[in-house]
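Structural overview for review
This is what each chain is made of:
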Amino acid sequence: MRQKSLNVLEFDKIKALVEKETMSDIGKAKVAEMSPATDFKTVEFQMNETDEIAQIYNKHRMPSLSGLSQVTQLLHRANIGGVLNVRELNAIKRLIQIQNQYKTFYNGILEEDEEIKYPILNDRMEQLPVLNDLFQEIHQKCDAYDLFDNASYELQGIRSKISSTTQRIKQNLDKVVKSQSNQKKLSDAIVTVRNERNVIPVKAEYRQDFSGIVHDQSASGQTLYIEPSSIVEMNNQISRLRNDEKVECERILTELTRLVAEESDACLVSESIIGQIDFLTAKARYATTIKGTKPEFTAERTVYLPKAFHPLLDKDTVVANTIEFASDIETVIITGPNTGGKTVTLKTLGLIIMMAQSGLLIPTLDGSKLSVFENVYCDIGDEQSIEQSLSTFSSHMKNIVEILKSATKNSLILFDELGAGTDPSEGAALAMSILDHVHEIGSLVMATTHYPELKAYSYNRQGVMNASVEFDVNTLSPTYKLLMGVPGRSNAFDISKKLGLNIEIIQKAKSMIGQDEQEINEMIASLEYNSKRVDEQRIELEQLLREAQETHQSLTKQYENYQNQEKQMLEQAKEKANQRVKSATKEADEILKELRELRDKKGADVKEHELIDKKKQLDDQYESTSLKQNVQKQKWDEIKAGDEVKVLTYGQKGEVLELIDENEAVVQMGIIKMKLPIEDLEKTKKTKEQPTKMVRRQNRQDVKMELDLRGYRYDEAMVAVDQYLDQAVLSNYEQVYIIHGKGTGALQKGVQNHLKQHKSVASYRNGMPSEGGFGVTVAELK
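Residues numbered from 1 in each chain as written. Predicted model: local features only at pLDDT ≥ 70, side-chain atom pairs only at ≥ 80, totals over all residues. Heavy atoms only, no water.

For the rest of this paragraph, the subject is the pairing of strand S15 (residues 644–647). By the alternation rule, side chains of S15 split into Val 645 and Val 647, which are all buried, and Glu 644 and Lys 646, of which none is buried. Where S15 lies against strand S16 (residues 652–661), four bridges are found, and the strand directions are antiparallel. Following the sheet pairing, Glu 644 is matched in S16 by Glu 655. Counting the residues in the hairpin turn of S15 and S16 gives four residues, including Gly 651, whose phi is positive at 65°. (Buried < 20%, exposed > 50% of the residue type's maximum accessible area, 1.4 Å probe, protein only. Helix = DSSP H or I, 4+ residues; strand = E, 2+ residues; numbered from the N terminus. Pairing = 2+ DSSP bridges.)

Written out as structure tokens, the structure reads:
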């Protein structure tokens, strides 16, 4: 894309706004590289990628990316034999922690609604490597600033000796400074440090009373800082231990760096994916500020931007306009008054196309359509007049010459005040000639002009359409509304009348311009009215169409659910009816038995076959149902003797006792043993496979980022907090929100005191106003 056009249309300002929304230097670097693509598939992919993240951002609370930083240089140093310090190792640890949080977060989304699909993000999540071993090594050996004492047995022993020796030194020095006999000999009863050695401040005149090494003196020379002889050897021992500690720390850091080097390729993949997510999330955040929507890209050359507005203008006062190139239109000529919004319209069109081809959602209503342009060319400047110098006209013409040399059929050209800065008749003729030449090239063109000759230009050319910016004669000011298909009309008479010019003068002026021009102005006024009405109706119809499509989809889904429910209810009704008939049959058997007994006793004249026929009529009402079920097989595992299987046709579990042949097996289902076809069996327990490296997550379907304790008693709340924090740590959450409400403040105090002592909590704070204020405590996890 032409850099001059990017500068003129202020694309850098859009990039700066997106950059403010990033959370890491990786995201900022990707924003700096952002530029409009020109390949159709690339443009479409970028837009789909942004739209997926925007959908998730608008529905869910995404994991924090704070603390994410570039690790490429660190990985390079690790590969060439350098040693990473604790801060650098923590940067790699933070990268792994963030990627694990995103894995957990994304899997949680899928579990909430399996129908939701994000194919691009899903592909990225599958590419994320498993780096848990490296994370645990760094996490167990490094805190935020230094190695843990238990990073190794050697380091723990060295630091333990340093601590005990330091304690002995302190005890010896405390005896010296607290001795009553030494109170007047010391400048102050404190122990201080000079040259990394523990010393006491002794008055100069009492130097001979203290044996030891003088390390320093005060500026006045009245105080000497002496290391007593009794602790010299202990201080020497600490110095030796400090050297040992430094060597052991270097060894541990070297080992950790070696582990980083082994996983450097995986870390680079993780950095690239998480950095891209930061970049896309920044796009999504910016889109919410301008209420951006996703355009549809078409192979055919199309521009349709319903209610588009310039994203750099104040969204509370900017006027939105529908910008459209109809299917048979290649050139749009905008006329209208100065400061009426013509130049803003050009910049809005050019900037929105650049944003769309950079993968940014655009400031329009839903339903926008765009094609992909190879380049956008601009000749946009301030309003010009014929009194300006030839040099200004020459600079504009030089720019136009460059544009005409480079433009192609897949270009968009924006001309502001085409032909201005010279004689009006020559400028108008030149403007029409330039437009004819561009029309032959086949580029899409939008041009603004003051020349009345260009109003009639579209009526003599195919593929050319007029447009204008509206002017309100009642307020004597432009409305900044764009009217597509309507040329601008002269408002001189109406304005003069509004300002109080004598009506006779106005009537005489009208008689001078001729009947044809008056009729043209009246025709344009009518066109303005009709165009506004059609534009409003079109947007309303598109909204109704989208609502109708959504309603149709909803009704289709409901109808499918209804059919399934109907089928289920019929089965239930049939089952109930069968039970009723069965009960009636049993009752009939009892009646028949009694009748036979009566016949035998009293010789009643009842025929046996008549009784049997009546019973058969009851039997015929019974609708038999098969135990067999018509279930399609989902898995085609190899079935072997001893496998646990599900018998699909009966919905029961069983065990394969033996295989009769490749098509039939003997299966034990409870106390029943049956021969069944292999195709009716589905294995439920497979043979043990080699374990794969994976991130273990427990109870993630129940773990949210907040815990609501409102209504809990104190003891119940503390138990719930402990259980929740354990689950949050297993889910790799960085921070969680504990909702306790405001109330009397007792539960808040209890929760915060509990968090202060919890092993998994690094710190906590009260919620911000946007997070719930004092009714919420935010805990940062280790």
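Let us look at the sheet that holds strand S3 (residues 212–217). Taken in spatial order, the four strands of this open sheet run S1-S2-S4-S3, and their pairing is antiparallel. Sheet topology places strand S1 (192–194) and S3 at the edges, where each strand pairs with a single neighbour. Pairwise comparison of adjacent strand axes, ignoring direction, gives a mean angle of 50° for this sheet. When strand S2 (residues 197–203) meets strand S4 (residues 223–228), the two strands line up antiparallel, connected through four bridges. The residue bridging Val 202 from the neighbouring strand is Leu 224, located in S4. Contacts from helix H9 (residues 153–178) reach S2 and S4 within the one sheet, and its direction differs from that of S2 by about 5°. (Axes fitted to C-alpha atoms, helices over the stretch in contact; angles between N-to-C directions. Contact = heavy atoms within 4.5 Å.)

Time to look at the sheet that holds strand S23 (residues 776–781). Strand order in the open sheet formed by four strands is S20-S21-S23-S22, and the pairing between neighbours is mixed. Edge positions in the sheet fall to strand S20 (706–708) and strand S22 (761–766), since each of these pairs with one other strand and no more. Direction aside, neighbouring strands of the sheet carry axes that sit 20° apart on average. Inspection of the sheet shows S22 paired to S23 by five bridges, in the antiparallel sense. Directly across from Val 761, in S23, lies its bridge partner Leu 781. Along the sheet, helix H20 (residues 746–757) contacts strand S21 (735–739), S22 and S23; its crossing angle with S22, the most-contacted strand, is approximately 155°.

So, about the packing of helix H2 (residues 11–20) against helix H11 (residues 264–290). The contact between H2 and H11 brings their axes to 8 Å, and the two run at 110°. Overall, the two elements H2 and H11 adopt an arrangement that is roughly perpendicular. In this structure, H2 uses Ile 14, Leu 17 and Val 18 to contact H11, whose residues at the interface are Ala 282, Lys 283 and Tyr 286. Looking at the contact of H2 with H11 residue by residue, the classes come out as five nonpolar, no polar and one charged. (Parallel < 35°, antiparallel > 145°, perpendicular 65-115°, else oblique. Nonpolar A, V, L, I, M, F, W, Y, C, P; charged D, E, K, R; others polar.)

This part covers helix H19 (residues 714–730). Taking 1.5 Å per residue, 17 residues should reach 24 Å; H19 reaches 25 Å between its end C-alpha atoms and fits that length. Taken residue by residue, H19 has Ala 717, Met 718, Ala 720, Val 721, Tyr 724, Leu 725 and Ala 728 as its buried positions. With its buried residues spanning 160° around the axis, H19 presents them on a single face. In this structure, H19 carries Asp 715 and Gln 723 as exposed residues pointing more than 90 degrees from its buried face. Looking at the buried side of H19, the elements it contacts are S20, S21, H20, S22 and S23. Positive backbone phi, at 65°, marks Asn 732, one or two positions downstream of H19. (Expected span 1.5 Å × (residues − 1). Arc of directions from axis to C-beta.)

Attention now goes to the pattern of salt bridges. Following the criterion strictly, the structure yields 22 salt bridges and no others. A salt bridge links Glu 233 to Arg 240; the shortest N-O distance between them is 3.1 Å. Using a relative accessible area of 49% as the deciding quantity, one classes Glu 233 as partly exposed. Given the relative accessible area of 45%, Arg 240 is considered partly exposed. Glu 262 serves as the salt-bridge partner of Arg 258, at 2.3 Å between the closest nitrogen and oxygen. Taken together, the residues Arg 258 and Glu 262, both in helix H10 (residues 229–262) and four residues apart, mark about one turn of the helix. Note on Arg 258: relative accessible area 38%, which makes it partly exposed. (Salt bridge = Lys/Arg side-chain N within 4 Å of Asp/Glu carboxyl O.)

Inspection of the entire model under this criterion finds one aromatic pair. Ring geometry for Tyr 102 against Phe 105: centres 6.2 Å apart, planes inclined by 80°, an arrangement best described as edge-to-face. With Tyr 102 and Phe 105 both in helix H6 (residues 86–112), this residue pair falls three residues apart, about one helical turn. Each member of the pair, Tyr 102 together with Phe 105, is buried. Just above the ring of Tyr 737 sits the side chain of Arg 61; from NZ or CZ to the centre is 4.0 Å. Over the face of the ring belonging to Tyr 225 we find Arg 194, whose NZ or CZ atom lies 4.1 Å from the ring centre. (Phe/Tyr/Trp six-rings, centres within 6.5 Å; stacked < 30°, edge-to-face > 60°. Lys NZ or Arg CZ within 6 Å of the ring centre and 35° of its normal.)

With that out of the way, let us pick up the side chain of Lys 283. Positionally, Lys 283 belongs in helix H11. The side chain of Lys 283 sits in the buried core without any salt bridge; Glu 49 is the nearest counter-charge, 5.8 Å away. Discounting residues that sit within four places of it in the chain, Lys 283 has contacts with Val 18, Met 34, Thr 50, Ser 358, Gly 359 and Leu 360. (Lys, Arg positive; Asp, Glu negative; His and termini not counted.)

Before going further, it helps to examine the state of the cysteines. Scanning all chains against the criterion turns up zero disulfides. With no disulfide of its own, Cys 249 lies closest to Cys 142 among cysteine sulfurs, the gap being 9.5 Å. Residue classification places Cys 249 among the buried residues on the basis of a relative accessible area of 13%. (Disulfide = S-S within 2.5 Å.)

Attention now goes to a negative patch on the surface. Residues Glu 587, Glu 590, Glu 594 and Glu 597 make up a contiguous surface patch of negative charge. One can find Glu 597 in helix H17 (residues 515–602). (Patch = residues over 30% accessible without salt bridge, like charges linked within 9 Å, V, L, I, M, F, W, Y side chains within 5 Å. Areas by Shrake-Rupley, 256 points an atom, 1.4 Å probe, with all protein chains shown as cover. Charge placed at Lys NZ, Arg CZ, Asp CG, Glu CD.)

Moving on, we come to the pairing of S16. Alignment of S16 against strand S17 (residues 664–669), held across five bridges, turns out to be antiparallel. Residue pairing for S17: Glu 655 is matched across the bridge by Gln 668. Linking S16 back to S17 in an antiparallel pair, the connection comprises two residues.

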